[in-house]
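Tertiary structure, described
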Amino acid sequence: MPKDYADLHDPNAEYTMRELSAETMGATAKRGGGRDVAITDVQTTMVDGNFPWTLVRVYTDAGVVGTGEAYWGAGVPELIQRMKPFLVGENPLDIDRLYEHLVQKMSGEGTVEGVTVTAIAGIEVALHDLAGKLLEVPAYQLLGGKYRDEVRVYCDCHTEAEADPEACADEAERVVEDLGYDALKFDLDVPSGHEKDRANRHLRPGEIRHKAEIVERVTERVRDRADVAFDCHWTFSGGSAKRLAAAIEEHDVWWLEDPVPPENLDVQEEVTKSTLTPITVGENRYRVTELRRLIERQAVDIVAPDMPKVGGMRETRKIADVANQYYVPVAMHNVSSPVATTASAHVAAAIPNALAVEYHSYELGWWADLVEDPVIEDGSITVPESPGLGVTLDMDVVAEHMVDGETLFDPV
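Below is a short write-up of the structure. (Residues numbered from 1 in each chain as written. Predicted model: local features only at pLDDT ≥ 70, side-chain atom pairs only at ≥ 80, totals over all residues. Heavy atoms only, no water.)

**Here we look at the overall build of the protein chain**
- Helix and strand counts for the protein chain come out as 15 helices and 13 strands.
- In terms of overall dimensions, the protein chain is globule-like: its C-alpha atoms have a radius of gyration of 22 Å, near the 22 Å expected for 412 residues.
- Expressed along its principal axes, the backbone C-alpha trace of the protein chain runs to roughly 65 × 45 × 45 Å.
- Counting all 412 residues of the protein chain, 58% fall into the buried class.
- For the protein chain, restricting intrachain contacts to residue pairs at least 6 apart in sequence, the fraction spanning at least 24 positions comes to 73%.
- Taken as a whole, the protein chain presents about 17000 Å² of accessible surface, with 46% of it coming from carbon and sulfur.
- Positive and negative side-chain charges in the protein chain, numbering 38 and 75 respectively, have mean positions lying 6 Å apart. (Helix = DSSP H or I, 4+ residues; strand = E, 2+ residues; numbered from the N terminus. Rg over C-alpha atoms; globule rule 2.2 N^0.38 Å. Buried < 20%, exposed > 50% of the residue type's maximum accessible area, 1.4 Å probe, protein only. Contact = heavy atoms within 4.5 Å. Areas by Shrake-Rupley, 256 points an atom, 1.4 Å probe, with all protein chains shown as cover. Lys, Arg positive; Asp, Glu negative; His and termini not counted. Charge placed at Lys NZ, Arg CZ, Asp CG, Glu CD.)

Structure representation (structure tokens):
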């Protein structure tokens, strides 16, 4: 019989002086206008996309359900199940208090960073969908309103010959001309044939020349038809990252992403300040506190939080507010299904400094079929005006692509 994580014993969760439940806080007054609603259940279903997406649903006694998505990863569904007792009976409209309630309750299991934050984020996204439906407003309205009707999308590109500069350039042209994107990203942490030791993070001169050639071929091929970023996946040493960034300064690079590991902020700051190449960082940091340090140290030119990983929609909005004080744009990292992708677009609509939202699934033929509504068209997302997130799961497609052993959500 599978373990019910909702019954897991945790003394930290059972006793905390900072108890933020509605009952303890005295927030129990009856609410008018159809707003006196209670959460009755929280469920997850994992879909086997190009990442194992964890979809989340929050049910209420009003018969209205909110759908969200957590960043992919092992243990996330169990953590969400673990938190269900802290949510049942609560009013889903109290998004901020419930977020802090879960952070406090789960603090012993890690809410500074990591998968616990990710699990809370999945619930928080579902609460925005639910609150929007209950209040009959789109989710961006809950975040303060709208700066733009459309959000730009950048396409994360791949080719079987990922280390061949000419093949990358060919794919860039195809994605621009045939798929209609004017913003792209390619990987630079690809084999060059010059590697001697994959553990020491050092780039030999031949490796630098190879990566610079990829950058040159791609940017020269698309020129002003598209902006192009390049991702290093936190692979290189500080010295190698500085040499690589210097080697590509002459080319039209939108940004160089994650050139060094995320743990040492001093190294990150030194790399960023050493080059004219724009440096983008953020997907491996959690919550506004961690990204605030990155921004305040001016260790980043463009910040790239992953919304369902960093802590959710409101947390991403807080990060954008800090970034805006330092005139730093926000380009949201995103490897999600259409659910969290749309949620990220709502955040991008509501902040002044949004650059774009990533799309990482252009090779997955059924990505768009997971929801009944169009999401990406002509390289952008039109922000939905219907209540909540504005996308509805196609349950037949969800059922078809569930991870083995998963069960479908209960019907509404």
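**Notes on unusual backbone geometry**
- The residue E136 is not glycine, and still its phi comes out positive at about 60 degrees.
- Here E136 shows up in the loop between α5 (115-135) and α6 (139-142).
- Even without being glycine, R201 reaches a positive phi, approximately 65 degrees.
- By the element assignment, R201 lies in the loop between β5 (183-187) and α8 (205-222).

**So, the sheet that holds strand β2 (residues 52-60)**
- Here three strands make up an open sheet; going across it, the order is β1-β2-β3 and the pairing antiparallel. The sheet is open, and its two edges are formed by β1 (39-48) and β3 (65-70), each paired on a single side. Taking the axes of each pair of neighbouring strands and ignoring which way they run, one obtains an average angle of 20 degrees across the sheet.
- Across six bridges, the pairing between β2 and β3 is antiparallel. (Pairing = 2+ DSSP bridges. Axes fitted to C-alpha atoms, helices over the stretch in contact; angles between N-to-C directions.)

**Focus: helix α14 (residues 338-350)**
- Taking 1.5 Å per residue as the helical rise, α14 with its 13 residues ought to reach 18 Å, and the 18 Å between its terminal C-alpha atoms agrees with that figure.
- Counting buried positions along α14 yields 13 of 13 residues, so the element is predominantly enclosed. (Expected span 1.5 Å × (residues − 1).)

**Remarks on the packing of aromatic side chains**
- Under the criterion given, the structure shown has eight aromatic pairs.
- Relative to Y359, the ring of Y181 lies with its centre 6.3 Å away and its plane at 20 degrees, an arrangement referred to as stacked. With a gap of 178 residues between them, Y181 in the loop between α7 (165-177) and β5 and Y359 in strand β11 (residues 354-359) connect regions that are remote in the sequence. Of the two residues, Y181 and Y359, neither departs from the other in class, the shared state being buried.
- A network of ring pairs unites the aromatic residues F51, Y71 and W72 as a single cluster. (Phe/Tyr/Trp six-rings, centres within 6.5 Å; stacked < 30°, edge-to-face > 60°.)

**Some thoughts on the pattern of salt bridges**
- One pass over the full model with this rule turns up 36 salt bridges.
- With a closest N to O distance of 2.9 Å, D94 and R97 form a salt bridge. Across the pair, exposure class does not vary: D94 and R97 are buried alike.
- Among the salt bridges present, the one from E358 reaches K185, with a minimum N-O distance of 3.3 Å. Separated by 173 residues along the polypeptide, E358 in strand β11 and K185 in strand β5 bring together distant segments of the chain. The residues E358 and K185 share a single accessibility class, namely buried. (Salt bridge = Lys/Arg side-chain N within 4 Å of Asp/Glu carboxyl O.)

**Overview of the nonpolar core**
- If you look at the biggest cluster of nonpolar residues, it comprises 91 residues, and the most contacted ones within it are L184, F186, F230, L244, L256 and M313.
- With eight residues, the top contributor of residues to this core is α14.
- Not counting residues within four places of it along the chain, the set of residues in contact with F230 comprises K185, F186, L188, I214, V215, V218, T219, V253, W255, L256 and E257.
- In terms of nonpolar packing, the next biggest core, distinct from the first, is built from 27 residues, F86, Y99, I120 and L134 among them. (Core = buried A, V, L, I, M, F, W, Y, C linked by side-chain atoms within 4.5 Å.)

**Some details on helix α10 (residues 265-273)**
- Taken together, the buried positions of α10 are occupied by L265, Q268, E269, V271 and T272. Viewed along the axis of α10, the buried residues span an arc of 165 degrees, placing them on a single side of the element. Those residues of α10 that are exposed and angled more than 90 degrees off the buried face are D266 and K273.
- Along its buried surface, α10 packs onto α9 (238-247), β8 (279-281) and α11 (287-296).
- Measuring from the side-chain oxygen of the N-cap residue of α10 to the backbone nitrogen of D266 gives 3.0 Å; that N-cap residue is N264. (Arc of directions from axis to C-beta. Polar contact = N/O pair within 3.5 Å; in protein donor to acceptor, adjacent residues only side chain to side chain.)

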